[in-house]
Amino acid sequence: MREIAKPTKSKQMRDSMGVVEVVAGALYGAQTQRAINNFPISGKAMDPQFIRALALVKWAAAEVNAQLGLLSKNSARSIVRAALEVAEGKHAEQFPIDVFQTGSGTSSNMNMNEVLATLASTASRTIRANDHVNMGQSSNDVIPTTIHVAAAIEITRKLLPSLKRLARTIDTKARSVRKYVKTGRTHLMDAMPLTMEQELSAWSTQIRKGIERIESSMPRLLQLAQGGTAVGTGINTHPRFAKLFAAKLKSKTGIAFRPNRNFFEALSCQDSAVEMSGQLKVVAVSFMKIANDIRWMNSGPLAGLGEVEMLALQPGSSIMPGKVNPVIPEATAMVAAQVIGNDATITVAGQAGNFQLNVMLPVIADNLLSSIKLLSTTAPLLANLAIRPLKPKPGKLSEALAHNPILVTALNSVIGYERAAQIAKTAYREGRPIIDVAQQMTNISRAELVRLLNPAKLVKGGL
């Protein structure tokens, strides 16, 4: 999020409530300034991607209003030009309103309307914020629409490609370490063996299922509130506006936006945003699991598991020379914690649909886009700096495996659970290899024990 700049000199401007001192040189007007004055809360403005998506909404609205003959072509052309400038990231400093503002996001909507009106006006033509830029619209359908548009663009263009690359990176690494057999762990305690490929396959499957979950929620995110205007009835907008608007956005973005089947639902709740946030939370939980697995596997290098070696990225201590820490998994875990927290905020905000309008829209937008960005930018770091350069340490893997008493599980069908448990406990107590203890406590030949307790055979399962 952008930090809000401090105002300097001012000029007088008027709105329906009277005269306001507006920051000199600002492209916005009195209504934006009132919001700046009213909400000095966090010092953080709306996410830049939200602002860009809001500009696209205004672009599409102007195009459609001109197509319907409601807005002159010259006025529409001026608004379109200004909106595309903002959508390209220009004039970002002109959108300083705090995230914590009016719950409908009216302040941000009017901020955009005023900026575009100023940019679009000429000496011979005055473009009005409410009458022209906001024609056929209400903050109550514009802001829910913008949330969906911004999230859909960021998910389609950034998050899903990042997650797919991460899954491919894990699969590639898994194939490269398929020959390594290691001790499995349940409850953080020794368990039956598996290959590193098998272990990593769980990670890539987690990510691929996360992709599937996000994609399964996309059809509802692509349904837009635009056309519902004030309360969902579509007052003051053309009957064909909603359909043409969605088609216009689809043509611009390549994303299959369409009108919501029920505008009353689209305005009064944010269930689709809550649903998508929940899917992002699942991905965050997957990130946390993968990051923690890597941290445990890399722990040591002497007193921990030491099963793998990570790429050394930076000194790990200001006082302990030579220490190197798993910084990427740690950062990933913090990102996961933040996304989980964002989801809690969105969940609470999603409950704020009172009658015909949800009144926590800005904070939903901010947290949803934050989660998308965090996951999008963390996935390539996890892939490229943690998983791709991960190196198994064969000596450590073999040593732990040779002394793993749980291998005795393979003898259950031969000597029974109770006798196998006695062998395991003896091996634990005496610190001896399981095969030596089994040979001593059973009449099974050494050769047969080698066959039965072969870890490479055990990872294939079965009897």
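Residues numbered from 1 in each chain as written. Predicted model: local features only at pLDDT ≥ 70, side-chain atom pairs only at ≥ 80, totals over all residues. Heavy atoms only, no water.

Chemist: Can you tell me about the packing of helix α15 (residues 417-430) against helix α16 (residues 434-441), naming the residues and giving the values?
Modeler: In contact at an axis separation of 9 Å, α15 and α16 are set at 130° when each is read in the N-to-C sense. Between α15 and α16, the angle falls in the class oblique. When you trace α15 past α16, the crossing you get is right-handed. Contacts between α15 and α16 involve Arg419, Gln422, Ile423, Ala424, Thr426 and Ala427 on the former and, on the latter, Ile434, Val437, Ala438 and Met441. Considering only residue class, the contact of α15 with α16 consists of seven nonpolar, two polar and one charged. (Axes fitted to C-alpha atoms, helices over the stretch in contact; angles between N-to-C directions. Helix = DSSP H or I, 4+ residues; strand = E, 2+ residues; numbered from the N terminus. Parallel < 35°, antiparallel > 145°, perpendicular 65-115°, else oblique. Left-handed = near helix turned anticlockwise from the far one by under 90°. Contact = heavy atoms within 4.5 Å. Nonpolar A, V, L, I, M, F, W, Y, C, P; charged D, E, K, R; others polar.)

Chemist: Lay out the pattern of salt bridges with the relevant residues and their values.
Modeler: Overall, the coordinates contain 14 salt bridges when judged by the stated rule. The shortest N-O distance in the salt bridge between Lys158 and Glu154 comes to 3.1 Å. You can see Lys158 and its partner Glu154 sitting in helix α6 (residues 139-176), four residues apart, about one turn around the helix. Arg178 serves as the salt-bridge partner of Glu197, at 3.2 Å between the closest nitrogen and oxygen. Residue Glu197 is located in helix α7 (residues 196-221), and its partner Arg178 is located in the loop between α6 and β3 (181-186); the two are separated by 19 residues in the primary sequence. Residue classification places Glu197 among the partly exposed positions, given a relative accessible area of 24%. By relative accessible area, Arg178 is classed as partly exposed at 46%. Residues participating in the shared-partner salt-bridge network are Lys182, Arg185, Glu199 and Glu307. (Salt bridge = Lys/Arg side-chain N within 4 Å of Asp/Glu carboxyl O. Buried < 20%, exposed > 50% of the residue type's maximum accessible area, 1.4 Å probe, protein only.)

Chemist: Before we move on, could you go through the environment of Lys250 and cite the residues and values that matter?
Modeler: Along the chain, Lys250 turns up in helix α8 (residues 241-253). The sequence separation of Lys250 and Ala60 amounts to 190 residues, and the corresponding C-alpha distance is 9.9 Å. In this structure Lys250 touches Ile255, Ala256 and Phe257, once residues within four positions along its chain are discounted.

Chemist: Explain the packing of helix α1 (residues 30-38) against helix α4 (residues 106-120) to me, using residue names and the numbers behind them.
Modeler: The geometry of a pair of packed helices is captured by two quantities: the angle between their axes and the separation between those axes. With their axes 8 Å apart at the nearest point, α1 and α4 run at an angle of 140° to one another. By the angle between their axes, α1 is oblique relative to α4. For the element pair α1 and α4, the recorded crossing hand is left-handed. Along its contact with α1, which presents Ala30, Gln31, Thr32 and Ala35, the element α4 presents Ser107, Met110, Asn111 and Glu114.

Chemist: Could you give an account of the side chain of Glu114, with specific residues and numbers?
Modeler: Mapped onto the fold, Glu114 is located in helix α4. If we ignore the near neighbours within four places in the chain, the residues touching Glu114 are Leu27, Tyr28, Gly29, Ala30, Gln31, Thr32 and Ala129.

Chemist: Residues and numbers for unusual backbone geometry, please.
Modeler: Residue Pro301 is reached from Gly300 by a cis peptide bond, and omega for that bond is 5°. Tracing the chain through its elements places Pro301 in the loop between α10 (271-298) and β7 (308-309). Positive phi values are uncommon outside glycine, yet Leu188 reaches one of about 65°. Position of Leu188 among the secondary structure elements: in the loop between β3 and β4 (189-195). Of note, Thr229 is a non-glycine position whose phi angle comes to about 50°, a positive value.

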